[in-house]
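The lines below spell out each chain.
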Amino acid sequence: MKFGTIAVGQATGAVLAHSTSAGDHRYRKGHVLAAEDIAILEAAGLTEIVVAVLEPGDLGEDRAAEAIAASMQHRHVEVRQAATGRVNLHAQEAGVFTVDAGLIDALNAIDPSITVATLARYATVEKGQMVATVKIIPFAVGGHLVRQATELCAAGEIFAVNAFVPKRVGVIQTVLPSVKASVLDKTSRLTEHRLARSGSRLTAELRTPHEAGAVAEAARALARDHDIVVIFGASALSDFDDVIPAAIRAAGGIVVRSGMPVDPGNLLVLGHIGTTAVIGAPGCARSPKENGFDWVLDRLMSGLEVTAADIAGMGVGGLLMEIPTRPQPRDLSAIPPVPKVHAVLLAAGRSSRMGGPNKLMALFEAKPLVRRTAERVLASKAESTVVVSGHQASRIREALAGLGIPVVHNADFASGLASSLKVGVSALPEDAAGALIVLGDMPEVLPADLDRLIESFERAEGRAIVRATHDGKRGNPIILPRSLFAAVAHLEGDTGARHLIESEGVDVIDVEIGKGAGFDVDTPEALEGAGGVLQG
């Protein structure tokens, strides 16, 4: 591939390196220039342009990413469609992720143009979660490099989601005078929540004295008809022959390992009675926070064997005390607050296709369109709303008078949509988990439509992009999670949220809201057809 500046007349078939405007035409980065594009660029006075020119044997970024992803061998993993040289792969089931690290390293060593990234080995994943991504860095890559990658992938399974299999779980809790019944009851509830992520059930619970003989008898009884037995000791493990490991042996079982290099979780015991796994839970397993018990439990729930060597190898990454914990399992009394969505109403455009009048001033039922849109946003579940003005800013403010909505001015509105997005998102409060981006010129989007988007964002716990659609076609409004706010700050020109969707690898939830998602009023005909009356 050749990259650089060439004469526009020689650029047919080349890949545009940067977004470019030519009169009313705007071409995105990555666009393959056709003969009619060249004519438009030349008519606009452009003589040179920065492009990538594919050479014989090269594969475009999307084709290369698709070829590598298609050659990968995996289980319970869905391959998504390529975009901007990236193919994302998502879990088809909830479970535990395993990966051949050596094969991933070998792929990434072929050439810097080819990259593969995955979750950590043994990560617990939810259905639909992204587990890996293939990204081609330049616009094209040599076909011989892609062949090297596909040949490597033929060696065997590169990664997998080991799907959870529902298990029957029995629990033993030992009792001492110092242990309150409320603590035991809470432990049972939290254990049920931990099991829920795999569809497993706590089907029996026994409470015994904190003595090896009593625990052995209870463990032997539960092992007959349970897949896993979990023992919560009233007193922490203090020796490798303490009550829980001694009870496993007394019940005719074996102890695989006592103690693990994970903190919290050091005092875990793992054993077997026949084919039934037995876990002596560390004290931290009475808390909803992630600990070593979760690591062992999830692997067993997904059908993976856990050996003494496996546990010994958990030290790197095993210091969990200072990292954010995953959202499950949760103590019901500690459920995090609902993620707050704040709205950004974009009203800075020049209405260039209207031939002069500002479409946001068009009257709909005697109200300026921008005011009617603002009232609908205010009637939604959005926590607050900010309006971004630009073209004819004073008229926008006058049209919104009395609504109490803050208006922030984008002095750089002529540069394109990106500048307005940046101004609006930067004006949101610190507690904003999501930004509901609403275009001012969509007269058929109703408060109920906005509420459906917000509710979907809440169900996703603020982690996904939520996008309105009509008949499966992407549209607007859209909610961007806080994790993308920093990326918004780097947008340039007339680039909107669609670029973030394609490039950032965040899960997208599409919500069908009807034709309002795809209907804006960019022309006088469209506006009049929607019932609007243009003003001067």
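Residues numbered from 1 in each chain as written. Predicted model: local features only at pLDDT ≥ 70, side-chain atom pairs only at ≥ 80, totals over all residues. Heavy atoms only, no water.

In terms of regular secondary structure, the chain is built from 16 helices and 30 strands. Each principal axis of the C-alpha distribution contributes one length, and for the chain these read about 90 × 65 × 35 Å. Expressed as a percentage of the 536 residues in the chain, the buried residues total 49%. Looking at the chain alone, contacts between residues at least 24 apart form 71% of all its contacts between residues at least 6 apart. Accessible surface computed for the chain: about 24,100 Å², of which carbon and sulfur atoms make up 52%. (Helix = DSSP H or I, 4+ residues; strand = E, 2+ residues; numbered from the N terminus. Buried < 20%, exposed > 50% of the residue type's maximum accessible area, 1.4 Å probe, protein only. Contact = heavy atoms within 4.5 Å. Areas by Shrake-Rupley, 256 points an atom, 1.4 Å probe, with all protein chains shown as cover.)

The biggest cluster of nonpolar side chains holds 57 residues, and the ones touching the most others in it are Val370, Val387, Ile396, Leu436, Ile437 and Ile479. Apart from the residues within four sequence positions on either side, Ile396 is in contact with Ala347, Asn358, Leu360, Met361, Val370, Val387, Ser389 and His391. Within the second largest apolar cluster, 33 residues are counted, among which are Leu59, Ile114, Val131 and Phe159. (Core = buried A, V, L, I, M, F, W, Y, C linked by side-chain atoms within 4.5 Å.)

Per-residue pLDDT for the chain has a mean of 89; in total, 94% of the residues score no lower than 70. Low confidence marks residues 322–335, where pLDDT is under 50. Its contacts with residues over four positions away, or in another chain, come to 27 contacts. (pLDDT = per-residue confidence, 0-100.)

What follows covers the side chain of Ser419. Checked against the element boundaries, Ser419 lands in helix H12 (residues 417–426). Side-chain polar atoms of Ser419 contact the backbone oxygen of Asp412, separated by 3.2 Å. Residues contacting Ser419, with those up to four places away along its chain left out, are Asn410, Asp412, Phe413 and Gly493. (Polar contact = N/O pair within 3.5 Å; in protein donor to acceptor, adjacent residues only side chain to side chain.)

Turning next to the sheet that holds strand S11 (residues 114–118). The pairing of strands in a sheet comes from backbone hydrogen bonds and takes either a parallel or an antiparallel form. Reading across from one edge, S8-S9-S13-S11 is the order of the four strands in this open sheet, with antiparallel pairing throughout. Where the open sheet ends on each side, the last strands, each with one partner, are strand S8 (77–79) and S11. Across the sheet, the axes of successive neighbouring strands diverge by a mean angle of 15°, strand direction being ignored. For S11 and strand S13 (residues 130–136), the ladder comprises five bridges, and the chain directions are antiparallel. Each residue of the ladder has a partner; that of Thr118, found in S13, is Ala132. Across the face of the sheet, helix H2 (residues 61–71) comes into contact with S8, strand S9 (86–91), S11 and S13 while running at roughly 135° to S13. (Pairing = 2+ DSSP bridges. Axes fitted to C-alpha atoms, helices over the stretch in contact; angles between N-to-C directions.)

A contiguous nonpolar surface patch, about 260 Å² in accessible area, is contributed by Met1, Phe3 and Leu54. By secondary structure assignment, the location of Met1 is in the segment before strand S1 (2–7). (Patch = residues over 30% accessible without salt bridge, like charges linked within 9 Å, V, L, I, M, F, W, Y side chains within 5 Å. Salt bridge = Lys/Arg side-chain N within 4 Å of Asp/Glu carboxyl O.)

This next bit is on the sheet that holds strand S17 (residues 201–209). Taken in spatial order, the six strands line up as S17-S16-S18-S21-S20-S19 in an open sheet, and their pairing is mixed. Lying at the two open borders of the sheet, with one neighbouring strand each, are S17 and strand S19 (254–258). In this sheet, adjacent strand axes meet at a mean angle of 20° when their direction is disregarded. Packing of helix H5 (residues 181–196) onto the sheet brings it into contact with strand S16 (168–175), S17 and strand S18 (228–232), and relative to S17 it is tilted by some 155°.

This part takes up the packing of aromatic side chains. Counted under the stated rule, the structure contains two aromatic pairs. For the pair Phe97 and Phe159, a centre-to-centre distance of 5.8 Å together with 35° between the ring planes defines the contact as tilted. Here the residue Phe97 occupies a position in strand S10 (residues 95–99), and Phe159 occupies one in strand S15 (residues 157–163), the gap between them amounting to 62 residues. The ring of Tyr122 is capped by Arg299, whose NZ or CZ atom sits 3.5 Å from the centre of that ring. (Phe/Tyr/Trp six-rings, centres within 6.5 Å; stacked < 30°, edge-to-face > 60°. Lys NZ or Arg CZ within 6 Å of the ring centre and 35° of its normal.)

This next bit is on the pairing of S17. Across eight bridges, S16 lies against S17 in parallel orientation. Across the sheet, the residue bridging to Gln173 is Arg207, located in S17. Note on the crossover from S16 through H5 to S17: the handedness is right-handed. (Right-handed = clockwise from strand over helix to strand, strands pointing away.)

Right, let's get into the packing of H2 against helix H4 (residues 143–153). Between H2 and H4, the least distance of the axes is 8 Å, while the angle of their chain directions is 15°. When the axes of H2 and H4 are compared, the pair comes out roughly parallel. Crossing angle aside, the handedness with which H2 passes H4 is right-handed. Facing H2, whose interface residues are Ala64, Ala67, Ile68 and Ser71, H4 presents Val146, Ala149, Thr150 and Cys153. Of the residues in the contact of H2 with H4, the class split is six nonpolar, two polar and no charged. (Parallel < 35°, antiparallel > 145°, perpendicular 65-115°, else oblique. Left-handed = near helix turned anticlockwise from the far one by under 90°. Nonpolar A, V, L, I, M, F, W, Y, C, P; charged D, E, K, R; others polar.)

Attention now goes to the environment of Gly259. Of note, Gly259 is situated in the loop between S19 and strand S20 (269–273). On the accessibility criterion, Gly259 (14% relative accessible area) is buried. Considering only alpha carbons, one finds Gly259 and Val278, 19 residues apart in sequence, at a separation of 14 Å. In contact with Gly259, other than residues within four places in its own chain, are Asn266, Leu268 and Ile311.

Of all the residues in H4, the buried ones are Gly143, Leu145, Val146, Ala149 and Cys153. Take H4 and look down its axis: the buried residues cluster within an arc of 155°, on one side only. At its buried positions, H4 is contacted by strand S6 (58–60), H2, strand S7 (73–75), helix H3 (101–108), S11 and strand S14 (140–142). (Arc of directions from axis to C-beta.)

Another point: unusual backbone geometry. In this chain, Asp263 is followed by Pro264 through a cis amide linkage whose omega measures 5°. By the secondary structure assignment, Pro264 is in the loop between S19 and S20. Cis peptide bonds are those with omega within 30 degrees of zero, and the linkage from Asn476 to Pro477 qualifies with 0°. Phi is positive for Thr84, close to 50°, though the residue is something other than glycine. Along the chain, Thr84 falls in the loop between S8 and S9. A residue is classified by how much of its surface remains accessible, and Thr84, at 28% relative accessible area, is partly exposed.

This next bit is on the pattern of salt bridges. On inspection of all chains with the given rule, the structure shows 17 salt bridges. Residues Glu430 and Arg482 are paired through a salt bridge, measuring 3.7 Å at the closest nitrogen-oxygen approach. One end of the pair, Glu430, is in the loop between H12 and strand S27 (432–439); the other, Arg482, is in the loop between strand S29 (473–481) and helix H14 (485–488), with 52 residues separating them in the sequence. When salt bridges with common partners are traced through the structure, they connect Arg194, Arg197, Asp294 and Asp298 into a single cluster.

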